[in-house]
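An overview of the molecular structure
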Amino acid sequence: MGAPKTQQDATKSSHKPDYDAVRKDIASIIKMPDYDDGSCGPVLVRLAWHASGTYDAETNTGGSNGAGMRYEAEGGDPANAGLEHARRFLEPIKQKHPWITYADLWTLAGVVAIKEMGGPDCKWKPGRTDFADESKCPPRGRLPDGAQAADHLRHVFYRMGFNDQEIVALAGAHSLGRCHADRSGFEGPWSVTPTKFSTQYFKLTKFKWEKKTWEGPVQFKNTDLGEELMMLPTDMALIEDEKFLPWVKKYAEDRDAFYSDFAAVFAKLIELGVTRDDDYESAPTFSKEQGD
Ligand code: ZEM
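Attention in this report is confined to the structure presented alongside it. Per chain, residues are indexed from 1 in the order of the written sequence. Given that the model is predicted, a residue must reach a pLDDT of at least 70 before its local features are reported, and side-chain atom pairs must reach 80 or more before they are shown or counted; all residues, however, enter totals for whole chains, interfaces and linings. Here the side-chain values reflect all heavy atoms present in the structure, with hydrogen atoms and water set aside.

What counts as a salt bridge is simple: a side-chain nitrogen of Lys or Arg found within 4 Å of a carboxyl oxygen of Asp or Glu. The full count for this structure, using the stated rule, is 13 salt bridges. With a closest N to O distance of 2.8 Å, glutamate 228 and lysine 212 form a salt bridge. Highlighted residues: glutamate 228 in the loop between strand S4 (220–222) and strand S5 (229–231) and lysine 212 in the loop between strand S3 (210–211) and S4, separated in sequence by 16 residues. Salt bridges here are not isolated pairs; linked through shared partners, they connect Asp104, Arg128, Glu271 and Arg276. Working definition: helices are DSSP H or I runs of at least four residues, strands are E runs of at least two. Numbering for both runs from the N terminus.

Structural data, given as structure tokens:
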């Protein structure tokens, strides 16, 4: 008998999938001395976000279901440049646990990375399936463009069904990681501890930001903390917009509020567009024949 191709097929057989084992394996690769700032956590969070952030509530298309980034139609979107590294880091884990779908693995990797980097526990549920081909990939152009302003952020995130508070909470993920000139055109980290989940992104509001003088796209810089930190035009929009700003200030002061609001909104993000069989959650079981 061949291995089941999808979780639906697999649910017909009788071996319980060990998501905790997958979590442990993801946790074990987060520290990566030779990559970026010594961690692949940030790029795993970005993978989960970009897998999910294509959702369009009106047509109920896009979202983390499908793992369309495996295909050129979605994976080759310039907005997703660099995420091939994240997918490559996770591939050995997929090989070791072939019963998990890519769509579940990528979202779970984001959740585990957030936790491993000191962030909150975000709820995660399995049950996503992988597209069999690229015909259901969402159109390109649905992810936000860092060169733009508040109206663009609202256009993109309202389309997914988020409000202003949720936009600001989600943006707090920029305490993590960095921009890479060869991926997005932008360069540098937002925080001095880019591998630690924190409220640093919001604290940066108290600094003065000036346009960076360079060949690249418009971005902002500050060196008050000793090293050069950056903000995208969309990050500046959160400080400049009178409805976003109160949330930025709140999260800068109230760590607990940020952690719990972030956990809620990240869980909502990775659920967008995900539908499951009614009985899915009660009995996800898998065949031992697949091997683990
Ligand atoms: Zn990001 N993000 N993002 N983001 N993002 C980058 C990197 C990371 C925007 C954006 O243009 C960019 C959210 C929202 C938004 C992360 C998480 C989340 C980069 C740099 C850009 C340009 C990419 C590069 O060059 O490698 C814009 C415009 C957003 C709209 C608000 C949300 C929501 C996120 C998660 C909840 C993370 C973790 C990174 C760092 C990736 C890395 O490789 O270090």
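Relative to the helices and strands, arginine 183 is located in the loop between strand S1 (178–179) and strand S2 (188–189). Only protein chains enter the accessibility calculation, which uses a 1.4 Å probe; a residue whose area is less than 20% of its type maximum is buried, one above 50% is exposed, and one in between is partly exposed. Charge assignment in this entry is limited to Lys and Arg as positive and Asp and Glu as negative, and neither His nor the chain termini are counted. It turns out arginine 183 is buried and unbridged, and the closest side chain with the opposite charge, aspartate 182, is 4.4 Å from it. Pairing of N or O atoms within 3.5 Å defines a polar contact, subject to two protein rules: one partner must be a possible hydrogen donor and the other a possible acceptor, and residues neighboring in sequence count only if both atoms are side-chain atoms. Reaching out from arginine 183, the side chain makes a polar contact with the side chain of tyrosine 35 at a distance of 3.1 Å. Any two residues having at least one pair of non-hydrogen atoms within 4.5 Å are treated as being in contact. Setting aside residues up to four positions removed in sequence, arginine 183 forms contacts with Tyr35, Val43, Pro78, Ala81, Gly82 and His85.

What follows deals with the nonpolar core. Buried Ala, Val, Leu, Ile, Met, Phe, Trp, Tyr and Cys residues form a nonpolar core when they are joined through side-chain atoms within 4.5 Å. Counting 82 residues, the largest nonpolar core has Ile26, Leu90 and Phe266 as its most contacted members. The biggest single contributor to this core is helix H6 (residues 102–116), with 10 residues. When residues of this core are assigned to domains, at least three map to each of domain 1 (7–142 + 267–290) and domain 2 (150–266). If sequence neighbours within four positions are ignored, leucine 90 has contacts with Ile26, Ile29, Leu44, Leu47, Leu105, Trp106 and Ala109. Residue ranges for the domains originate in an automatic or database domain assignment.

This paragraph deals with the sheet that holds S4. With respect to topology, 3 strands assemble into an open sheet ordered S3-S4-S5, the strand pairing being antiparallel. Two strands close off the open sheet at either side, each with one partner strand: S3 and S5. When DSSP finds two or more bridges between a pair of strands, those strands are recorded as paired. As judged from the 3 bridges shared by S4 and S5, these two strands associate in the antiparallel manner. If you follow asparagine 222 over to S5, its bridge partner there is leucine 229.

With that settled, the discussion passes to the coordination of the zinc atom of the ligand. In this structure, the zinc atom of the ligand receives exactly one donor atom from the protein: His174 (NE2), at 2.2 Å. Within the fold, histidine 174 resides in the loop between helix H8 (164–171) and S1. Coordination partners: N, O, S within 2.8 Å of the metal, 3.2 Å for Na, K and Ca; water not considered, so apparent gaps in a site are possible.

What is shown is where atoms sit, not what they do.
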